[in-house]
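Report on the structure
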Amino acid sequence: MWYAYNPHWHIPDDYSGTLLATTKTHLKRKTTLSWETEDDDRSYVKEGTQLRATHVSGVSCAQERSRHDGSAHHVEVVLTPRSEELVREMDMRWIVYWDHFRRSHEPGVFIA
């Protein structure tokens, strides 16, 4: 199960179907603020990404609802297996600022 910050997503009123990321955002294993969440507990999702969910609801866990003021604006999301795979693939991609790297003599190796 993931937590999604509702204002970053278009979620159907009946909490079913396709979710659309309206901005770059994260899916998280907790309702903590993204920058306070461990890397293993969050996955980056780019703007425009559509994901299919088998379950979307308000946050049911009292601890997750009370973490911070924005916790109430999260929803619980259970993704389909294909959407889980898509999130993992996106999260494994790196964005590199090439001016900070140089190529080494070994193929596929870059030095910061």
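Our subject in this report is the structure included herewith. (Residues numbered from 1 in each chain as written. Predicted model: local features only at pLDDT ≥ 70, side-chain atom pairs only at ≥ 80, totals over all residues. Heavy atoms only, no water.)

**A few points about the pairing of strand β6 (residues 50–58)**
In the sheet, strand β3 (residues 17–21) pairs with β6 via four bridges, with the strands oriented antiparallel. Note that in β6 the partner of L19 across the bridge is L51. Here β6 pairs with strand β7 (residues 74–79) via five bridges, running antiparallel. Looking across to β7, one finds that V56 is bridged to V77. (Pairing = 2+ DSSP bridges. Helix = DSSP H or I, 4+ residues; strand = E, 2+ residues; numbered from the N terminus.)

**Overview of helix α2 (residues 81–91)**
For α2, the set of buried residues is S83, E84, V87 and M90. Take α2 and look down its axis: the buried residues cluster within an arc of 125°, on one side only. Residues of α2 that are exposed and angled more than 90 degrees away from the buried face: P81 and R88. (Buried < 20%, exposed > 50% of the residue type's maximum accessible area, 1.4 Å probe, protein only. Arc of directions from axis to C-beta.)

**A closer look at the environment of K30**
Residue position: K30 is located in the loop between β4 (25–28) and β5 (42–45). Residue classification places K30 among the partly exposed positions, given a relative accessible area of 33%. Spatially, the C-alpha atoms of K30 and S71 are 9.3 Å apart, while their sequence positions differ by 41 residues. With sequence-adjacent residues up to four places away left out, K30 is seen in contact with Y3, D41, E64 and R67. (Contact = heavy atoms within 4.5 Å.)

**Here we look at the environment of T80**
Within the secondary structure, T80 sits in the loop between β7 and α2. Counting along the chain gives 72 residues from T80 to H8, while the straight-line C-alpha distance between them is 20 Å. Ignoring sequence-local partners within four residues, the contact set of T80 consists of R52, A53 and T54.

**A closer look at the nonpolar core**
In this structure, W9, L19, L27, V77 and L79 are the most contacted members of the largest nonpolar core, which totals 16 residues. If you list the elements that add at least two residues to this core, you get β1 (2–5), β3, β6, β7 and α2. (Core = buried A, V, L, I, M, F, W, Y, C linked by side-chain atoms within 4.5 Å.)

**A word on the pattern of salt bridges**
Per the counting criterion, the structure on display carries four salt bridges. K30 is the partner of D41 in a salt bridge, and the nearest nitrogen-oxygen pair spans 3.9 Å. You can see D41 sitting in the loop between β4 and β5 and its partner K30 sitting in the loop between β4 and β5, a full 11 residues away along the chain. (Salt bridge = Lys/Arg side-chain N within 4 Å of Asp/Glu carboxyl O.)

Interpretation in functional terms is not warranted from these geometric data alone.
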